[in-house]
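# Fold and contact review
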Amino acid sequence: MSAVRSYTVVDPVFGVVTFVGVLRTDDDPTAGSIAAEIEQGTGRASIVASTSVQPGRSVLREDAGMDDRAHLEVAKAHAREGRAEGGIPIGAALVANDGTVLGAGHNRRVQMGSAIRHGETDALERAGRLPAEVYAASTMYTTLSPCSMCTGAILLYGIPRVVIGEHRTFMGEEELLISRGVEVVVLDDPECVAMMDEFIVAEPALWNEDIGEPTTD
């Protein structure tokens, strides 16, 4: 089965219209099942629009499995830790397919005076040097949609799957990841949204600095 489409759905629980993304079903029976459910209007989400897109796969998973939710909690704990340290509340965890947490970290640009320690890059650094086959059998969990720098690192090391806590407060390079064949799953986690909403209101200049935007008065 091959159905590569972009779906926009309305979620009756969150009460919002959410971009779900791309389903590539020719090589993944699970994705095919999800696509069929959306097309038939079954499950919690109902389809409101769809358009053809380039190959790749991104799914908003309000029904995500316990493993994805549990591993996102590791990233969220690091995000909370980073905020408590006076930094930016973004956390990440690199997790092997067998569930082993290879490395977890959080944005430490403020704490370390670093130009590059975002959540994902900190998790990669803490994981240490790894052979390509380990990255190829892993998932990057991150509380926020990956920026250009972190997306580049994910692509460089061939990490095939990225699970994102939220992309409401910041939309990173998800389209680039999808175009390169990476599976992108967005969990739309309310706590991830709340952490970033609070931070952006409290520290707008620091947030602009972190994403390379000029500070506005």
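Note that this is a predicted model, so its numbers are computed, not measured.

## Overview of the overall build of the chain
Of the regular secondary structure elements, the chain holds nine helices and nine strands. Here the chain holds 217 residues, and the buried ones make up 50% of them. Pairs at least 24 apart in sequence give 59% of the contacts found in the chain among residues at least 6 apart.

## As for helix α6 (residues 148-156)
For α6, every residue scored as buried is listed here: Cys150, Thr151, Ala153, Ile154 and Leu155. Taken together, the buried residues of α6 touch α4 (119-127), β7 (138-144), β8 (161-166) and α7 (174-179). One or two steps after α6, the chain reaches Gly158, where phi turns positive at roughly 70°.

## Points about unusual backbone geometry
Backbone geometry places Asp188, a non-glycine residue, at a positive phi of 50°. Position of Asp188 among the secondary structure elements: in the loop between β9 (183-186) and α8 (190-202). Classification of Asp188 by relative accessible area gives buried; the value is 3%.

## Overview of the confidence of the model for the chain
Summing up the model confidence of the chain, the mean pLDDT is 78 and the portion of residues at 70 or higher is 69%. In this model residues 1-57 is a low-confidence stretch, pLDDT under 50, and it forms 121 contacts with partners more than four residues away in sequence or in other chains.

## A look at the nonpolar core
Judged by nonpolar contacts, the single largest core of 18 residues is most densely connected at Leu94, Leu124, Met140, Ile159, Val162, Leu177 and Val184. At the level of elements, β5 (91-96), α4, α6, β8, α7 and β9 are the ones that each hand at least two residues to this core.

## Digging into the environment of Glu209
Looking at the element boundaries, Glu209 is found in helix α9 (residues 204-210). Residue class for Glu209 comes out partly exposed when judged on its relative accessible area of 44%. Sequence-wise, Glu209 and Ala115 are 94 residues apart; in three dimensions their C-alpha atoms are separated by 10.0 Å. Among the polar contacts listed, one links the side chain of Glu209 to the side chain of Arg109, at a separation of 3.3 Å.

## Digging into the packing of aromatic side chains
A complete count under the given rule lists three aromatic pairs for this structure. Considering the side-chain rings of Phe199 and Trp207, the 6.3 Å spacing of their centres and the 85° angle between planes classify their relative orientation as edge-to-face. The pair Phe199 / Trp207 is uniform in exposure class, with both members buried. Feature note: the residues Phe170, Phe199 and Trp207 constitute an aromatic cluster, connected by ring pairs.

## Considerations on the environment of Leu176
With respect to the element layout, Leu176 can be found in helix α7. Separated by 28 residues in sequence, Leu176 and Ser148 place their C-alpha atoms 9.0 Å apart. In this view, Leu176 contacts Thr151 and Leu155; residues no more than four positions away in its chain are not counted.

## A closer look at the pairing of β7
Looking along a regular strand, one sees the side chains alternate between the two faces of the sheet. With seven of seven residues buried, β7 is to be regarded as a mostly interior element. For β5 and β7, the ladder comprises five bridges, and the chain directions are antiparallel. Across the sheet, residue Ala92 finds its bridge partner in β7, namely Thr142. Relative to β8, β7 is paired through five bridges, and the arrangement is parallel. Pairing of Met140 across the sheet is with Val162, part of β8. For the handedness criterion, the β-α-β arrangement of β7, α6 and β8 is classed as right-handed.

Reading the values: the criteria
Residues numbered from 1 in each chain as written. Predicted model: local features only at pLDDT ≥ 70, side-chain atom pairs only at ≥ 80, totals over all residues. Heavy atoms only, no water. Helix = DSSP H or I, 4+ residues; strand = E, 2+ residues; numbered from the N terminus. Buried < 20%, exposed > 50% of the residue type's maximum accessible area, 1.4 Å probe, protein only. Contact = heavy atoms within 4.5 Å. pLDDT = per-residue confidence, 0-100. Core = buried A, V, L, I, M, F, W, Y, C linked by side-chain atoms within 4.5 Å. Polar contact = N/O pair within 3.5 Å; in protein donor to acceptor, adjacent residues only side chain to side chain. Phe/Tyr/Trp six-rings, centres within 6.5 Å; stacked < 30°, edge-to-face > 60°. Pairing = 2+ DSSP bridges. Right-handed = clockwise from strand over helix to strand, strands pointing away.

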